[in-house]
There are 2 protein chains.
Amino acid sequence: MTESYPIRPEAAAAPTSGIVDTVNYGRTREGLIPLWVGEGDLATPAFISEAATRSLAAGETFYTYQRGIPELRAAIARRQGAILGKEIDPERIFVTSGGMPAVQMALRLVAGAGDEVVIPTPAWPNFVGALTVSGATPVEVALDPSPEGFSLDLARLEAALTPRTRAIVINSPANPTGWTATREELAAILEIARARGLWIVSDEIYTRFVWDERVMVGERAASFHDVMRPDDRVLFVQTLSKNYAMTGWRVGWLEAPAELGQTIENLVQYSTSGTPVFVQRAAIAALDHGEGFVQHQIARARRGRAIVAEALATLNAVRFAPPPGAFYAFFGIPGADSQVLARRIVDEANVGLAPGSAFGAGGADGLRLCFARKADDLEEAMRRLAPVLRDLPI
Amino acid sequence: MTESYPIRPEAAAAPTSGIVDTVNYGRTREGLIPLWVGEGDLATPAFISEAATRSLAAGETFYTYQRGIPELRAAIARRQGAILGKEIDPERIFVTSGGMPAVQMALRLVAGAGDEVVIPTPAWPNFVGALTVSGATPVEVALDPSPEGFSLDLARLEAALTPRTRAIVINSPANPTGWTATREELAAILEIARARGLWIVSDEIYTRFVWDERVMVGERAASFHDVMRPDDRVLFVQTLSKNYAMTGWRVGWLEAPAELGQTIENLVQYSTSGTPVFVQRAAIAALDHGEGFVQHQIARARRGRAIVAEALATLNAVRFAPPPGAFYAFFGIPGADSQVLARRIVDEANVGLAPGSAFGAGGADGLRLCFARKADDLEEAMRRLAPVLRDLPI
């Protein structure tokens, strides 16, 4: 390939998603229960889709503001303000075509060739993927698994910093591990970043999905917003995907210092050139009228977590602690090759799980299961999984 | 800004669009006739929007294939095949969230820090913008204006190539100049690229909007597809925006060697993570049933071109030749500062034009007018423009 079609090393180095690999392996199996990707089983509620339909019927099909339509920026600021208990300036909000473009833009702002970015792992692989494409070097700091769950050793985090470090990526509550920082841990991480002039790229998209009071502030997970000053170097990447069952819509936002507005507008112009207005109208409907649906999703995930935790507790071969946040069970099978195991589980249990190796250091023997799904499916999946997992290691 | 918020030099260097600057200046003027951006005045036809509405109602709101849904890839290949008179393999087609992400991806594949990419200018500013963000160096080769229109001096193009050159960007028919290569010119450019192992990034999105038989093959503009071998290093960036009045939808595609498929899939994953399925359904409707609408748009643009050309011919201060392709009049006012002039035209004529300086070398004294619009608007715009332009230079 590279002989006939010479391409840039950063592009060639973009890693193939280990999740997609398994999905492609099992995509067409009849009756498979798909717990491999980070989305639930509910389609977008009709009142959200209908807002898009009305916008289309009204002919809102033209180019639009690169920062997002003012009404959506205001709706995001209003909703985030209510969740965080804090006033958010709409000028800090930049609409993006999904959470991923927000991540790409945040990382492109702060790091490139020659720079290092520290990230606790196992982590959502797209952070490392986007860093690789941008030419920056991801530096992984493994979370510590224990019978009580995952924890982040702050001394180890600090030891990973070098003069080339530009940013720390913090995803709390975390995909895939469920690790969730306490308010005090976030304050400590912020202090570390401040002392060295580093950026924090914060992914708090699972903040409403939180199950342990020790990591909560009110009814959500602790946030950097709880501990930061207005001028701290924190970029928040956000999405409507998870709360509102809008994974396929591709709409999210970047929250950043308003002073970076023109630069961010330019980066939007030269990447996606904006998000469809009719999608933005749907996003407004979700934010303004979606709280009942979010509560429904949280209740389902809570029940899903209980079903999965109870079933995994009976399996001696499995290393697992119920996660304090997010909607994944990330369990270990000591000694397993997770890529091989995920395919075997497709074949023998007809259940789709994501191999832990897709999530970087510390994930090689793990499997990720998404429990944002109806109870019947999860109960059936755990019935099918038990005999396969009980026979391990093989 | 950079003191409080240190960001990467490539991000900081992303140029602010000179078009957006003028649009922001005049956006709220009542009664302004907006001819400044590259879109017409027609909303998307209802049969296209309704395909999206049906998809939404059916719950197609989940994550999807990173290369695009197979049905859309097939529809694109089918339609392009019919237009080009040539079989197109769907495996060469990669759906993107608009033409711009296709451009970004194409350039990211072929060029980065330390590389040069040659581009004839005046040109659509987003090529240079995307190159700047990627760290590559755009090298502009000015088109020659003459009473007969713009032409590209191939010797000058060749002289701009250095050992660092990785690609040549060719946009034919061109935005903003209307310059359109003959089949023979495309063959000569391809030979130059072949001899040095360079990529060509070809933007042929205006191929249906062509007005001069000398640059036509059948009813469209000449294409690299007319002269290339299957294994040539040509990347085509494409969009549904112009043909189908879908600028706001953000859907297009990259056509590339199928061998690059996995890399392109990875680049999609780490940038947009795919295009909404309901948008892809609309795109299929457009491609399969939109030919009548495209013909209607072509007829309108042909009439618009005649109206604008006739009016400009009466203005001695204006350097202009009717363009052989695309739907823009790009006319020069020798000695003018186009940014100042575009604002003055907003103030005095209440017409929105794009300043030529936004399009790079050779554009500083020019103005771009989009004539993909209803005749009444264009006639009124030319009536308003005449007194302002007649008094120039000032």
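Residues numbered from 1 in each chain as written. Chains lettered and ligands numbered in written order. Predicted model: local features only at pLDDT ≥ 70, side-chain atom pairs only at ≥ 80, totals over all residues.

Visitor: Honestly, the overall build of chain A in this entry has me stumped. Any pointers?
Guide: Assigned secondary structure in chain A consists of 13 helices and 14 strands. Rg of the C-alpha trace for chain A: 21 Å, near the compact-globule value of 21 Å for 394 residues, within the 12% margin. On the principal axes, the C-alpha backbone points of chain A span a range of 55 × 55 × 50 Å. Relative to its 394 residues, chain A shows a buried fraction of 59%. A separation threshold of at least 6 residues defines the contact pool for chain A, and within that pool the share at least 24 residues apart is 74%. (Helix = DSSP H or I, 4+ residues; strand = E, 2+ residues; numbered from the N terminus. Rg over C-alpha atoms; globule rule 2.2 N^0.38 Å. Buried ≥ 20, exposed ≤ 12 C-beta atoms within 10 Å, placed from the backbone. Contact = placed C-beta atoms within 7 Å.)

Visitor: How should I be thinking about the packing of helix α3 (residues 46–57) of chain B against helix α10 (residues 277–289) of chain B in this particular structure?
Guide: For any two helices packed against each other, the geometry is given by the interaxial angle and the distance between the axes. Residues and elements named next belong to chain B. Put simply, α3 and α10 touch, their axes get as near as 8 Å, and they point 145° apart. Read as a crossing pair, α3 and α10 show a hand that is right-handed. Two secondary-structure elements touch here, α3 through Phe47, Ile48, Ser49, Ala51, Ala52, Ser55 and Leu56 and α10 through Val277, Phe278, Val279, Arg281, Ala282, Ile284, Ala285, Ala286 and His289. Residue composition of the contact of α3 with α10, grouped by class: 12 nonpolar, three polar and one charged. (Axes fitted to C-alpha atoms, helices over the stretch in contact; angles between N-to-C directions. Left-handed = near helix turned anticlockwise from the far one by under 90°. Nonpolar A, V, L, I, M, F, W, Y, C, P; charged D, E, K, R; others polar.)

Visitor: Looking at this structure, I do not really get the relation of the copies chain A and chain B. What am I missing?
Guide: Related by rotation about an axis and a shift along that axis, the two copies of the chain form a pair. With an axial shift of 0.0 Å and an RMSD of 0.0 Å, the rotation relating chain A to chain B amounts to 180°. With respect to symmetry, the two chain copies, as superposed, fit the operation of a two-fold axis. Taking the C-alpha atom as reference, chain A places A:Thr53 closest to the rotation axis, 2.8 Å from it. When you check the interface residues of chain A against chain B, 100% turn up at the interface there too, and the contact is symmetric in its surfaces. (Least-squares fit on C-alpha atoms with pLDDT ≥ 70 in both.)

Visitor: Got a minute to help me understand unusual backbone geometry in this structure?
Guide: All names here are of chain A. With an omega dihedral of 0°, the bond running from Thr121 to Pro122 counts as a cis peptide bond. Along the polypeptide, Pro122 turns up in the loop between β3 (116–121) and α6 (125–134). Here the bond from Ser172 into Pro173 is cis, since omega is -5°, no more than 30 degrees from zero. Of note, Ala326 is a non-glycine position whose phi angle comes to about 65°, a positive value. You can see Ala326 is positioned in the loop between α11 (291–313) and β11 (328–332).

Visitor: Can you help me understand helix α12 (residues 338–349) of chain B in this one?
Guide: Note: α-helices contain 3.6 residues per turn, so residues at a spacing of three or four share the same orientation. All names here are of chain B. Among the residues of α12, Ser338, Leu341, Ala342, Ile345, Val346 and Ala349 are the ones counted as buried. Taken down its axis, α12 places every buried residue within 145° of arc, on the same side. In α12, the exposed residues that point more than 90 degrees away from the buried face are Val340 and Asp347. Close packing links the buried residues of α12 with α2 (18–26), β12 (351–352), β13 (354–355), β14 (366–370) and α13 (375–390). Two residues or fewer past α12, Asn350 is found with a positive phi of approximately 55°. (Arc of directions from axis to C-beta.)

Visitor: What is the right way to read helix α9 (residues 261–269) of chain A from this model?
Guide: Of the positions making up α9(A), those classed as buried are A:Thr263, A:Ile264, A:Asn266, A:Leu267, A:Val268 and A:Gln269. Looking at the buried residues of α9(A), the elements they touch are β2 (93–96), α5 (99–110) and β10 (252–255) of chain A together with α1 (9–13) and α6 (125–134) of chain B.

Visitor: How should the packing of helix α4 (residues 70–84) of chain A against helix α10 (residues 277–289) of chain A be read in this particular structure?
Guide: Residue and element names in this part refer to chain A. Where α4 contacts α10, the two axes come as close as 9 Å, and the packing angle between them is 25°. One way to sum up the angle between α4 and α10 is to call them roughly parallel. In this structure, α4 crosses over α10, and the sense of that crossing is left-handed. Residues Glu71, Leu72, Ala75, Ile76 and Arg79 of α4 lie in contact with α10, whose contacting residues are Gln280, Ala283, Ile284, Leu287 and Asp288. Residues of the contact of α4 with α10, tallied by class, amount to six nonpolar, one polar and three charged. (Parallel < 35°, antiparallel > 145°, perpendicular 65-115°, else oblique.)

Visitor: Help me understand the pairing of strand β9 (residues 234–239) of chain A in this model?
Guide: Two faces, one strand: in a regular strand the side chains alternate between the faces of the sheet. All names here are of chain A. With respect to burial, β9 is a largely interior element, six of its six residues being buried. Burial along β9 is two-sided: the face carrying Val234, Phe236 and Gln238 and the face carrying Leu235, Val237 and Thr239 are both buried. In this structure, strand β6 (residues 199–203) lies alongside β9, joined through four bridges in parallel fashion. Paired with Ser202 across the two strands is Phe236, which belongs to β9. Where β9 lies against β10, four bridges are found, and the strand directions are antiparallel. In the sheet register, Phe236 faces β10, and the bridge partner there is Glu255. (Pairing = 2+ DSSP bridges.)

Visitor: I'm lost on the interface of chain A and chain B in this one. Help?
Guide: When the parts of a complex come together, some accessible area is lost, and that lost area is often used as the size of the interface. With 65 residues of chain A at the contact, the number on the chain B side is 65 residues. Looking at the side of chain A that touches chain B, the elements with two or more residues in it are α1 (9–13), α3 (46–57), α5, α6 and α9 of chain A. Within the side of chain A that touches chain B, the residues separate by chemical class into 31 nonpolar, 25 polar and nine charged.

Visitor: What am I meant to see in the nonpolar core here?
Guide: As a rule of thumb, soluble globular proteins bury nonpolar side chains together. In terms of nonpolar packing, the biggest core is built from 256 residues, with A:Ala106, B:Ala106 and B:Ile200 touching the most fellow members. Sequence-distant contacts of B:Ala106, defined by excluding residues within four places in its chain, comprise B:Val201, B:Leu235, B:Val237 and B:Leu254. (Core = buried A, V, L, I, M, F, W, Y, C linked by C-beta atoms within 7 Å.)

Visitor: Hey, could you run me through the domain arrangement of chain A in this one?
Guide: Residue and element names in this part refer to chain A. We note that the domain assignment places domain 1 (9–44 + 292–385) and domain 2 (62–286) within chain A. Here the C-alpha centroids of domain 1 and domain 2 sit 23 Å apart. Each side of the interface is counted separately: domain 1 has 39 residues, and domain 2 has 36 residues. Here the element with the most residues in the side of domain 1 that touches domain 2 is α11; it accounts for seven residues. (Domains from an automatic or database assignment.)

Visitor: It is not clear to me how the sheet that holds β13(B) should be interpreted in this structure. Could you clarify?
Guide: Adjacent strands of a sheet pair through backbone hydrogen bonds, lying either parallel or antiparallel. All names here are of chain B. As summarised here, the arrangement of the three strands in space is β11-β14-β13, forming an open sheet in which the pairing is antiparallel. Of all the strands in the sheet, the pair left with one neighbour each is β11 (328–332) and β13. For β11 and β14, the ladder comprises five bridges, and the chain directions are antiparallel. Bridge assignment links Phe331 to a residue of β14, and that residue is Leu367.

Visitor: Got a minute to help me understand the environment of B:Pro257 in this structure?
Guide: Mapped onto the elements of the fold, B:Pro257 is located in the loop between β10 (252–255) and α9 (261–269). Taking the C-beta count within 10 Å as the criterion, B:Pro257 has 19 such neighbours and is therefore assigned partly exposed. The residues touching B:Pro257, leaving out its near neighbours within four places in the chain, are A:Tyr5 and B:Arg92.

Visitor: I keep staring at the sheet that holds strand β5 (residues 165–171) of chain B and nothing clicks. Help me out?
Guide: Residue and element names in this part refer to chain B. Ordered by their spatial adjacency, seven strands build an open sheet running β2-β10-β9-β6-β5-β3-β4, and the pairing between neighbours is mixed. Each edge of the open sheet carries a strand with a single partner, namely β2 (93–96) and β4 (137–142). Taken pair by pair, the neighbouring strands of this sheet meet at an average axis angle of 20°, ignoring direction. Note that β2 and β10 share four bridges and pair antiparallel. Within β10, the position partnered with Thr96 by the bridge is Gly252. Sheet strands touched by helix α4 (residues 70–84): β2 and β10. Its angle to β2, the strand with the most contacts, is close to 115°.

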